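Below are the chains, spelled out letter by letter.
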Amino acid sequence: MAKLILSMDSLVLKEIPLSKERTTIGRKPHNDIQIDNLAISGEHAVVITILNDSFLEDMGSTNGTFVNGQPVKKHFLQSGDTIELGKYRLKYFNDAPPAAEREDFEKTMILRAGTTPKAATAPTDETLSPVAPVSGSAAAVPASAAKPAAASAAASPLGALQVLTGSNAGKEMELAKSLTTLGKPGVQVAVIARRPHGYFLTHVEGASFPVVNGKSLDAQAQQLADHDVIELAGIKMEFFLKN
């Protein structure tokens, strides 16, 4: 499991396992990692963990968020990265193998309104196009999953999405991967995770949350039911289970 080690002036203060999908950091008491210091904003940053991957997002903090000495808005965390918040340091550790070494490396996809879908490598039947990993102001989310997780998910019914609006209306994509990222960078991004007990939609980026059947989601993962209608980045999609 991934974890953060909080320290100040080389003195370790706390170890935080990243067991939640959203781990908030800030000065206010409701944060998962509270740092009671005036240099830290009330709601400073958040670490989102999906399967084996974690990424950091600055929440519009006053003094900014730094990783390895560089200011970031969004950053895909790699084991050994150091998050810097004022005088405090959060060292990120993850014992999962790097994505490039995993046998079941998942593609990161995105729906682009008004464009023709492209394949990630060679032409395929997929209706989505790949997005670059998050770094600095980039807004897509790299995704990967360990082989056992993918094998477990394979036992559940296969889900799919059908685009209902926009230039890609009628297009269909099977959700065979452990993790699929959807949305529009800089506007709204969400992920659909395939788990042994179903499919779950989680908000990743954007001021507004995805809408399912006319109801806005919150920060928690939402399990999808057959024929749910998802509204994301101005596009409507129907989720359904295939026989």
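A. Region of interest: the pairing of strand β1 (residues 3-8). Across 6 bridges, β1 lies against strand β11 (residues 88-93) in antiparallel orientation. Its bridge partner lying in β11, serine 7 is registered against arginine 89. Taken together, the 6 bridges between β1 and strand β2 (residues 11-17) define a ladder with antiparallel strand orientation. Considered in β2, the bridge of isoleucine 5 is made with glutamate 15. In sequence, β1 turns back onto β2 through a hairpin of 2 residues, with aspartate 9 there showing a positive phi of about 55°.

B. Up close: the confidence of the model for the protein chain. On average, residues of the protein chain carry a pLDDT of 76, and 74% of them reach 70 or more. The secondary-structure element of the protein chain with the lowest mean pLDDT is strand β14 (residues 135-136), recorded at 34, while strand β10 (residues 82-85) shows the highest, at 95. Throughout residues 98-154 the model reports pLDDT below 50, and contacts reaching past four residues in sequence, or to other chains, amount to 127 contacts.

So, how was this worked out
- Residues numbered from 1 in each chain as written.
- Predicted model: local features only at pLDDT ≥ 70, side-chain atom pairs only at ≥ 80, totals over all residues.
- Heavy atoms only, no water.
- Pairing = 2+ DSSP bridges.
- Helix = DSSP H or I, 4+ residues; strand = E, 2+ residues; numbered from the N terminus.
- pLDDT = per-residue confidence, 0-100.
- Contact = heavy atoms within 4.5 Å.

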